[in-house]
Amino acid sequence: MPVYFAPEGAAMAGYDPVSYFQGDVPVQGRPEISVTWKGAEWHFASLENRALFEANPRAFAPQFGGYCSYAMAQGILKGTDPGAWQVVDGRLYLTFSPEIERKWREDQLEYIHQAEGNWPEILYRE
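Summary of the structure given here. (Residues numbered from 1 in each chain as written. Predicted model: local features only at pLDDT ≥ 70, side-chain atom pairs only at ≥ 80, totals over all residues. Heavy atoms only, no water.)

### Notes on helix α5 (residues 108–118)
Of the residues making up α5, those classed as buried are Gln-108, Tyr-111, Ile-112, Ala-115 and Asn-118. Buried residues in α5, looked at end-on, bunch into an arc of 120 degrees, giving them a common side. The exposed residues of α5 that point more than 90 degrees off its buried face are Leu-109, His-113 and Gly-117. As for α5, its buried residues are in contact with α3 (69–73), β3 (81–88), β4 (91–95), α4 (98–106) and α6 (122–125). (Buried < 20%, exposed > 50% of the residue type's maximum accessible area, 1.4 Å probe, protein only. Helix = DSSP H or I, 4+ residues; strand = E, 2+ residues; numbered from the N terminus. Arc of directions from axis to C-beta. Contact = heavy atoms within 4.5 Å.)

See below:
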């Protein structure tokens with residue numbers, strides 16, 4: 001399995017990972033402002049955001065390879081909806097859907113702990 005979930009060829013379905021840390025709504029990136037990192041193409045809304053990402057990609061890339069954080073806690077590898085997300089302690093977590101995001105928020109710290117126990121080994125089990 002690829003380290004970063006990249007539906008249709010772009011990580012995070014083409015959303016700008018930096019934008020999740022800049023406001024209440026993530027922004028779709030532009031393919032012409034992109035960079036390849038860890039085998040995935042990352043799109044950005046601006047050159048400034050691309051430069052921020054290039055300076056420290058781990059600060060902006062989603063945890064658990066952009067796969068669903070809730071599913072990861074269950075030991076399952078599942079895709080995500082870039083509109084179902086949360087930043088916890090300065091880290092970006094994506095989930096499968098808004099419904100799963102609500103479930104995730106009920107006990108997010110425990111789910112993070114469980115997911116950390118499954119990552120990245122789960123990539124090699126599926």
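On we go from here.
### A closer look at the environment of Ser-19
Tracing the sequence through the fold places Ser-19 in the segment before β1 (30–37). Residue class for Ser-19 comes out buried when judged on its relative accessible area of 3%. C-alpha of Ser-19 to C-alpha of Glu-41: the two residues are 22 residues apart in sequence and 16 Å apart in space. When sequence neighbours within four positions are dropped, the list of residues in contact with Ser-19 reads Val-25, Pro-26, Val-27 and Asn-49. At a separation of 2.9 Å, a polar atom in the side chain of Ser-19 contacts the main-chain amide nitrogen of Val-27. (Polar contact = N/O pair within 3.5 Å; in protein donor to acceptor, adjacent residues only side chain to side chain.)

### Observations regarding the pairing of β1
Across five bridges, the pairing between β1 and strand β2 (residues 40–44) is antiparallel. Pairing of Thr-36 across the sheet is with Glu-41, part of β2. Once β1 ends, the chain turns through two residues before running back antiparallel as β2, passing Lys-38 with a positive phi of about 55 degrees. (Pairing = 2+ DSSP bridges.)

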